[in-house]
There are 2 protein chains.
Amino acid sequence: MNMENLKWDSQGLIPAIVQDATTKEVLTLAYMNRTSLEKSIETRETWFYSRSRQELWHKGATSGNTQKIVEMKLDCDRDAIVLLVQPAGPACHTGAISCFSERILEEE
Amino acid sequence: MNMENLKWDSQGLIPAIVQDATTKEVLTLAYMNRTSLEKSIETRETWFYSRSRQELWHKGATSGNTQKIVEMKLDCDRDAIVLLVQPAGPACHTGAISCFSERILEEE
């Protein structure tokens, strides 16, 4: 992949939607810089850039809950990525399978 | 929902992952400001904020490809939303079902 073709934002990041390859549940939205994308492709595990800690972050490095990358897809604007993964454990630091666990719309 | 609890970015936006409620395919990543989120909740159809055109945008207003919102979920950091939708047509302006149609990782 030619990384020059990607539209990195003003901070050099691109949003990455992480989706369970089997259940298709969206697990988290994280951000990648060029190095984390390169390391993700090289290792086939997810690496992100933590905006709060301002550092490269290998998902699961401390928790063991790594995410094996099955597929990566780029959108038509080339400014967002979908990662289909096989997670070794919960994606969320709360212990939840997905970070998206709070429903904010009531049933009609 | 108390919108004060959401973490809007420096431009007053929050990223919204749009996912097909039936197939679970991720269709697009778009951005909402407070007005578009309010209108989405009120109408049960997706409204976004176009960063390039800098205007409120009712998805499908011109194309007819509206998206009926089935469920909305907020993440643990309260800075990203997942919308589960029933789309009336393709999500992408290219005519593709999903904006994420370019594979960027080869099979091993």
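Shown above is the structure to which this text applies.
The shown structure was predicted, so the numbers you read here are calculated from the model rather than taken from an experiment. (Residues numbered from 1 in each chain as written. Chains lettered and ligands numbered in written order. Predicted model: local features only at pLDDT ≥ 70, side-chain atom pairs only at ≥ 80, totals over all residues. Heavy atoms only, no water.)

A.B. asks: I tried to follow the overall build of chain A on my own but got confused; where do I start?
C.D. replies: Scanning chain A for helices and strands turns up one helix and seven strands. Traced from its N-terminal end to its C-terminal end, chain A shows the element sequence β-β-α-β-β-β-β-β. In chain A, buried positions account for 48% of the 108 residues. Residue pairs in contact within chain A that sit at least 24 positions apart in sequence constitute 42% of those at least 6 positions apart. Only carbon and sulfur atoms are counted for the fraction: they give 44% of the accessible area of chain A, which is about 5400 Å². (Helix = DSSP H or I, 4+ residues; strand = E, 2+ residues; numbered from the N terminus. Buried < 20%, exposed > 50% of the residue type's maximum accessible area, 1.4 Å probe, protein only. Contact = heavy atoms within 4.5 Å. Areas by Shrake-Rupley, 256 points an atom, 1.4 Å probe, with all protein chains shown as cover.)

A.B. asks: When you look at the pairing of strand β3 (residues 47-50) of chain B in this model, what are you seeing that I'm missing?
C.D. replies: Consecutive side chains along a regular strand alternate between the two faces of the sheet. Residue and element names in this part refer to chain B. For β3 and strand β4 (residues 55-58), the ladder comprises four bridges, and the chain directions are antiparallel. Paired with Tyr-49 across the bridge in β4 is Leu-56. As consecutive antiparallel partners, β3 and β4 are separated by four residues, and within that stretch Gln-54 has a phi angle of approximately 50 degrees, a positive value. (Pairing = 2+ DSSP bridges.)

A.B. asks: Looking at this model, I keep getting lost on the interface of chain A and chain B. Mind explaining?
C.D. replies: Residue-level contacts link 40 residues of chain A with 38 residues of chain B. In this assembly, chain A packs against chain B so that about 3500 Å² is buried in total across both faces, 62% of it on carbon and sulfur atoms. In this structure, the connection of chain A to chain B is made through six salt bridges. Salt-bridge contacts for Glu-102 of chain B lead to Arg-78 of chain A; the nearest nitrogen and oxygen are separated by 2.7 Å. Across the contact surface, chain A and chain B share 14 residue pairs in polar contact (both at pLDDT 80 or more). For the side of chain A that touches chain B, the secondary structure elements donating two or more residues are β1 (14-20), β2 (26-32), β5 (67-75), β6 (81-87) and β7 (100-103) of chain A. At seven residues, β5 of chain A tops the list of elements feeding residues into the side of chain A that touches chain B. Looking at the side of chain A that touches chain B, its residues break down into 19 nonpolar, five polar and 16 charged. Across three bridges, β5 of chain A lies against strand β7 (residues 100-103) of chain B in antiparallel orientation. When the sheet's bridge partners are listed, Asp-75 of chain A is paired in β7 of chain B with Phe-100 of chain B. (Buried area = accessible area lost by both parts, 1.4 Å probe. Salt bridge = Lys/Arg side-chain N within 4 Å of Asp/Glu carboxyl O. Polar contact = N/O pair within 3.5 Å; in protein donor to acceptor, adjacent residues only side chain to side chain. Nonpolar A, V, L, I, M, F, W, Y, C, P; charged D, E, K, R; others polar.)

A.B. asks: Before we go on, may I ask you to explain the sheet that holds β5 of chain A in this structure?
C.D. replies: Sheet strands line up and pair through hydrogen bonds in the backbone, either parallel or antiparallel. One open sheet accounts for five strands, arranged β2(A)-β1(A)-β6(A)-β5(A)-β7(B); its pairing is mixed. The sheet is open, and its two edges are formed by β2 of chain A together with β7 of chain B, each paired on a single side. The mean angle between the axes of side-by-side strands here comes to 35 degrees, regardless of whether they run parallel or antiparallel. Both β1 of chain A and β6 of chain A contribute to a ladder of five bridges, which runs parallel. Paired with Ala-16 of chain A across the two strands is Ile-81 of chain A, which belongs to β6 of chain A. (Axes fitted to C-alpha atoms, helices over the stretch in contact; angles between N-to-C directions.)

A.B. asks: What am I meant to see in the layout of surface pockets here?
C.D. replies: Taken as a whole, the largest pocket holds about 1500 Å³ of empty space. Lining the largest pocket are 49 residues, and of these Leu-13, Ala-30, Tyr-31 and Arg-51 of chain A together with Asp-79 of chain B sit closest to its centre. Among the elements of the structure, β1, β2, β3 (47-50) and β4 (55-58) of chain A are those that each provide at least two residues to the lining of the largest pocket. Here the lining of the largest pocket gets four residues from one element, more than from any other, and that element is β2 of chain A. Grouping the amino acids of the lining of the largest pocket by side-chain chemistry returns 21 nonpolar, 15 polar and 13 charged. By volume, the second largest pocket is sized at about 690 Å³. Along the walls of the second largest pocket sit 28 residues, with Asp-77 of chain A together with Ser-50, Arg-53, Trp-57 and His-93 of chain B positioned nearest its centre. Secondary structure elements with two or more residues in the lining of the second largest pocket: β2 (26-32), β3 and β4 of chain B. (1 Å grid on protein atoms, 1.4 Å probe; cavity = no way out; pocket = protein on both sides within 12 Å on 5 of 7 lines; lining within 4 Å. Points joined across faces, edges and corners; volume = space filled by probe spheres on them.)

The analysis is restricted to geometry; functional conclusions fall outside its scope.
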